[in-house]
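Read off the chains here:
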Amino acid sequence: MKLPLTVIGGYLGAGKTTLINRLLAEDHGLRLMIMVNDFGALNVDASLIAAASEDLIALTNGCVCCTMGADLFLAIGDVLDRSDWPDHLVVEASGIADPAAIAQVALAEPDLAYGGIVTVVDAVAFDRLADDPQIGVQLRAQVDVADVVVVSKTAAGAWPARLTGTALDLATVALVAPLICGIAVGQVPDRRASHADYVRWQAAADTVFEKEDLLAHLAARPDGLFRVKGYVAAPRCQVWEVHCVGRQLTVSVGRGPVGLVGIGLQGCVTLPEVDAWWNSGDL
């Protein structure tokens, strides 16, 4: 018996976390293990949490959520080394990852079976980003490799004109578990997405910010730095949770260790530019 592996893909800020939050909350009767990039954006209902540690959340419905770490193969190896396997393994790809490349892990591991790719599309931003000369090819390829496409953020009546083929509106889907775990298990398709080159940035983020000051500082970030997330020190030993995607910007009370990561397009922004911007906010 092989363990089915399903990959959830989609560009930065598309709504992958929203999909996973719904999956965790559903009474689907499956014992799932869900691997995510980090726990910071997951809003798990406290009543569902049976136990939690720095890199693992055990839920009362039998699901387990864990962080992938730097090496996906090692993380999956840890799962397969367990004596009690879950019913299904779900991996959330990072926003700039090729979900088809991650699904290739099912070829390298004889105990895994390909369980499909689910790609999430932002109804508001997809058309604009899909036509972008640098990242458009990657966005369209993430959709092309998908077995199931789910459209998020349709509340305002938006629907991507650039999206072709069959897609589902997340707002009208009653249960997401059948979408994610119901794809026929089979051979991994030989398909890969192409992508632009990216600049990856990180900072300690231990300078203390008042919320309004932090919002203003983040709003002034370099244009080429279109994704920033993590935790920033706040007054009275508190922490701000930060999420920036394109024009969207949120700062709320958080609970993680301080530290920020960012992603930008190579040729549009440099690491020295990003460092100079962030350090200009030191008080």
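Look up: the structure comes first, before these words.
The following refers to the structure shown. (Residues numbered from 1 in each chain as written. Predicted model: local features only at pLDDT ≥ 70, side-chain atom pairs only at ≥ 80, totals over all residues. Heavy atoms only, no water.)

## Focus on the environment of I180
Locating I180 in the fold gives a position in helix 7 (residues 177–181). Look at I180 and you get buried, because its relative accessible area is 0%. Note: C-alpha distance between I180 and V118 (62 residues apart in sequence) is 6.6 Å. Those residues within four positions of I180 in sequence are excluded, and the remaining contacts are T6, I8, L19, L23, H88, V90, G115 and V118. (Helix = DSSP H or I, 4+ residues; strand = E, 2+ residues; numbered from the N terminus. Buried < 20%, exposed > 50% of the residue type's maximum accessible area, 1.4 Å probe, protein only. Contact = heavy atoms within 4.5 Å.)

## Some thoughts on helix 9 (residues 271–279)
Along helix 9, the residues classified as buried are V274, W277 and W278. The buried residues of helix 9 occupy one face: seen down the axis, they fall within an arc of 95°. (Arc of directions from axis to C-beta.)

## Side note on the sheet that holds strand 8 (residues 148–152)
Pairing is mixed across the open sheet formed by 9 strands, whose spatial order is 3-4-5-2-6-1-7-8-9. Either end of the sheet is taken by a strand with one partner, and the two such strands are strand 3 (49–52) and strand 9 (168–169). With 3 bridges joining them, strand 3 and strand 4 (residues 56–59) adopt antiparallel strand pairing. Residue pairing for strand 4: I49 is matched across the bridge by L59. The sheet contacts of helix 1 (residues 16–25) involve strand 1 (3–9), strand 2 (32–36), strand 4, strand 6 (88–92) and strand 7 (112–122), and relative to strand 2 the element is tilted by about 160°. In this fold helix 2 (residues 72–80) packs onto strand 1, strand 2, strand 6 and strand 7, with an angle of close to 165° to the strand it touches most, strand 2. (Pairing = 2+ DSSP bridges. Axes fitted to C-alpha atoms, helices over the stretch in contact; angles between N-to-C directions.)

## Description of the nonpolar core
Here is a general trend for soluble globular proteins: nonpolar side chains tend to be buried in one another's company. In terms of nonpolar packing, the biggest core is built from 45 residues, with Y11, M35, I76, L89, L112 and I117 touching the most fellow members. In terms of residues, this core owes the most to one element, helix 2, which gives 5 residues. Residues contacting L89, with those up to four places away along its chain left out, are L3, P4, L5, T6, M33, M35, I76 and L112. Counting residues in hydrophobic clusters, the runner-up holds 26 residues, among them L24, C63, L179 and I180. (Core = buried A, V, L, I, M, F, W, Y, C linked by side-chain atoms within 4.5 Å.)

## What about the pairing of strand 1?
By the criterion of burial, strand 1 is predominantly enclosed, with 7 of the 7 residues buried. The alternating pattern of strand 1 places L3, L5, V7 and G9 and P4, T6 and I8 on opposite faces, both of which are buried. Relative to strand 7, strand 1 runs parallel, the two being bridged by 6 bridges. Bridge assignment links L5 to a residue of strand 7, and that residue is Y114.

## Observations concerning the packing of aromatic side chains
Inspection of the entire model under this criterion finds 4 aromatic pairs. Considering the side-chain rings of W201 and W277, the 6.0 Å spacing of their centres and the 55° angle between planes classify their relative orientation as tilted. Taken together, the positions of W201 in strand 10 (residues 198–203) and W277 in helix 9 put the pair 76 residues apart, joining distant regions of the chain. The pair W201 / W277 is uniform in exposure class, with both members buried. (Phe/Tyr/Trp six-rings, centres within 6.5 Å; stacked < 30°, edge-to-face > 60°.)

## Looking at the pairing of strand 5 (residues 64–67)
Two strands pair when backbone bridges link them, and strand 2 and strand 5 are joined in this way by 4 bridges, in the parallel orientation. Bridging from a neighbouring strand, V36 pairs with T67 of strand 5. Note: strand 4 against strand 5, 3 bridges, orientation antiparallel. Counterpart to I57 in the pairing with strand 5 is C65. Counting the residues between successive antiparallel strands, the hairpin from strand 4 to strand 5 contains 4 residues, one of them, G62, with a positive phi of roughly 95°.

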